[in-house]
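# Topology and contacts: notes
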Amino acid sequence: MALEEIKARIAKAEAESGRKQGAAHVVAVSKLQPLDRIEAVLKGGHRLFGENRVQEAAGKWPKFKERYPDAELHLVGPLQTNKARQAMELFQAVHSVDRIKIARRLAGLAQERGDCPEIFVQVNTGEEPQKSGVAPLEADRFIAEVRSLDLPLAGLMCIPPQDEEPALHFGLLASIAKRNGIGNLSMGMSGDFESAIRLGATHVRIGTAIFGSRGT
């Protein structure tokens, strides 16, 4: 699926749900993608990308940013404390903060550096033990803790269970955001981004629909 087709479908979903055009941004998830495919999307004018791993991003994005300095990079995968400093240098947003330990580490680095990526709290809406994220019942408390650290809390993120209706999880995330006064929602991927947009997504994370199958 071409990026222009995805953007047209996003615009249609925005219109159908009465949202302002351009309210939802495409995070082109480039993990494990060949460099030429990423370069083609950059040459096409897209500038917002996502990576799952700090180390992989460090191996390819500094060179891309030399040629495309306005490119914006978001971390959409888990962040370990020992990668926090490197992440601060590479990313403009981190979508996966889910432990107070990593929040405190980022806060300390932010004080040291004088700047910080935008922070999204990841909520494990399906309460799946194999997935990262704060449990929904703990989300309000955790959000308050992140704010108490003076971090730039911008949004919430979720990854719904594969075998459940994603709209239920998007609605849950939207309700947590609303009662906490949070404006950004990172939710929706290649198979369900239109549903996510209708429920308030501001960032949809789309990979294979843009780039094709990874590593092929």
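Quick caveat, the model's predicted, so the values are computed rather than measured. (Residues numbered from 1 in each chain as written. Predicted model: local features only at pLDDT ≥ 70, side-chain atom pairs only at ≥ 80, totals over all residues. Heavy atoms only, no water.)

What follows deals with the overall build of the protein chain. Assigned secondary structure in the protein chain consists of 9 helices and 8 strands. Within the protein chain, residue pairs in contact and separated by at least 24 positions form 59% of the contacts whose partners lie at least 6 positions apart. Total accessible area on the protein chain is roughly 10100 Å²; 49% of this is exposed by carbon and sulfur atoms. Between the centroid of the 29 positive side chains of the protein chain and the centroid of its 27 negative side chains there is a distance of 3 Å. (Helix = DSSP H or I, 4+ residues; strand = E, 2+ residues; numbered from the N terminus. Contact = heavy atoms within 4.5 Å. Areas by Shrake-Rupley, 256 points an atom, 1.4 Å probe, with all protein chains shown as cover. Lys, Arg positive; Asp, Glu negative; His and termini not counted. Charge placed at Lys NZ, Arg CZ, Asp CG, Glu CD.)

Counting residues in each nonpolar core, the largest one holds 61 residues, and the members touching the most others are Phe-49, Trp-61, Leu-106, Leu-156 and Ile-210. Ranked by residue count, the leading element in this core is helix 5 (residues 100-113), at 6 residues. In this view, Phe-49 contacts Val-27, Ala-28, Ser-30, Ile-38, Val-41, Leu-42, Trp-61, Glu-72, Leu-73, His-74 and Phe-211; residues no more than four positions away in its chain are not counted. (Core = buried A, V, L, I, M, F, W, Y, C linked by side-chain atoms within 4.5 Å. Buried < 20%, exposed > 50% of the residue type's maximum accessible area, 1.4 Å probe, protein only.)

Tracing the backbone through its elements, the reader meets Thr-125 in the loop between strand 5 (118-122) and helix 6 (139-148). What makes Thr-125 buried here is its relative accessible area of 7%. Within the structure, the side chain of Thr-125 is placed 3.0 Å from the side chain of His-169, a separation counted as a polar contact. Among residues more than four places away in sequence, those in contact with Thr-125 are Pro-136, Cys-158, Pro-160, His-169, Leu-172 and Leu-173. (Polar contact = N/O pair within 3.5 Å; in protein donor to acceptor, adjacent residues only side chain to side chain.)

Before going further, it helps to spend a moment on the layout of surface pockets. Space inside the largest pocket adds up to approximately 350 Å³. Residue composition of the lining of the largest pocket, by class: 6 nonpolar, 9 polar and 4 charged. Quantified by volume, the second largest pocket comes out at close to 230 Å³. What lines the second largest pocket is Lys-131, Ile-159, Pro-160, Pro-161, Gln-162, Glu-164, Pro-166, Met-189, Ser-190, Gly-191 and Asp-192. Grouping the amino acids of the lining of the second largest pocket by side-chain chemistry returns 5 nonpolar, 3 polar and 3 charged. (1 Å grid on protein atoms, 1.4 Å probe; cavity = no way out; pocket = protein on both sides within 12 Å on 5 of 7 lines; lining within 4 Å. Points joined across faces, edges and corners; volume = space filled by probe spheres on them. Nonpolar A, V, L, I, M, F, W, Y, C, P; charged D, E, K, R; others polar.)

Where helix 2 (residues 35-43) meets helix 3 (residues 54-67), the axes come as close as 12 Å, and the angle between the chain directions of the two elements is 30 degrees. Comparing their axes, helix 3 and helix 2 come out roughly parallel. Read as a crossing pair, helix 2 and helix 3 show a hand that is right-handed. Residues Leu-35, Ile-38, Glu-39 and Leu-42 of helix 2 touch helix 3, and the partners they reach there are Lys-60, Trp-61, Phe-64 and Arg-67. Here the contact of helix 2 with helix 3 is composed, by residue class, of 5 nonpolar, no polar and 3 charged. (Axes fitted to C-alpha atoms, helices over the stretch in contact; angles between N-to-C directions. Parallel < 35°, antiparallel > 145°, perpendicular 65-115°, else oblique. Left-handed = near helix turned anticlockwise from the far one by under 90°.)

This paragraph deals with the environment of Gly-45. Of note, Gly-45 is situated in the loop between helix 2 and strand 2 (48-51). Looking at Gly-45, the relative accessible area reads 46%, which means it is partly exposed. The sequence separation of Gly-45 and Ala-71 amounts to 26 residues, and the corresponding C-alpha distance is 9.5 Å.

Read these as spatial facts, not as claims about activity.
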